[in-house]
Amino acid sequence: MDVTTENFVSVLATLKQVVPLCDFVGIDCEFTGLDEAPATPGSAAPCPSPSSFETAQEEAQKRYEKLRSSTSFLVIQVGLCFF
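Here is what the cut-offs are and how they apply
Residues numbered from 1 in each chain as written. Predicted model: local features only at pLDDT ≥ 70, side-chain atom pairs only at ≥ 80, totals over all residues. Heavy atoms only, no water. Patch = residues over 30% accessible without salt bridge, like charges linked within 9 Å, V, L, I, M, F, W, Y side chains within 5 Å. Areas by Shrake-Rupley, 256 points an atom, 1.4 Å probe, with all protein chains shown as cover. Salt bridge = Lys/Arg side-chain N within 4 Å of Asp/Glu carboxyl O. Helix = DSSP H or I, 4+ residues; strand = E, 2+ residues; numbered from the N terminus. Buried < 20%, exposed > 50% of the residue type's maximum accessible area, 1.4 Å probe, protein only. Phe/Tyr/Trp six-rings, centres within 6.5 Å; stacked < 30°, edge-to-face > 60°.

J.: So what about a nonpolar patch on the surface? Which residues, and what values?
T.: A contiguous nonpolar patch, built from Val-19, Val-25, Ile-27, Val-75, Val-78 and Leu-80 and spanning about 490 Å² of accessible area, is present on the exposed surface. Of all the elements in the fold, those that place two or more residues in the nonpolar patch are β1 (25-31) and β2 (75-82). Counting residues per element, the nonpolar patch draws most heavily on β2, which supplies three residues. Relative to the helices and strands, Val-75 resides in strand β2. Looking at Val-75, the relative accessible area reads 46%, which means it is partly exposed.

Now the structure itself:
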């Protein structure tokens, strides 16, 4: 569902009804930028070797630290999933 300025009030009312019934709420924020070095056309990231894979927890921790240090970026979109 897309939320706009036109339907925000009605969607907010729906969210207030749905959230208390959920066991879990997933939140995803899209920022104006996070990449340290933007990709250039024609460049491809090398395929990591099996020994370089991180655990999901390590990956999440690095992502969190990167987000926390990114104070100059703005949230431009928020995604919500209700379970």
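J.: Lay out the packing of aromatic side chains in plain terms, naming residues and giving numbers.
T.: Summed over all chains, the structure comprises one aromatic pair. Centre to centre, the rings of Phe-24 and Phe-83 are 5.9 Å apart; their planes meet at 45°, and the pair counts as tilted. Note that Phe-24 is positioned in the loop between α1 (8-18) and β1 and Phe-83 in the segment after β2, a separation of 59 residues in sequence. Accessibility expressed as a relative area gives 57% for Phe-83, which makes it exposed.

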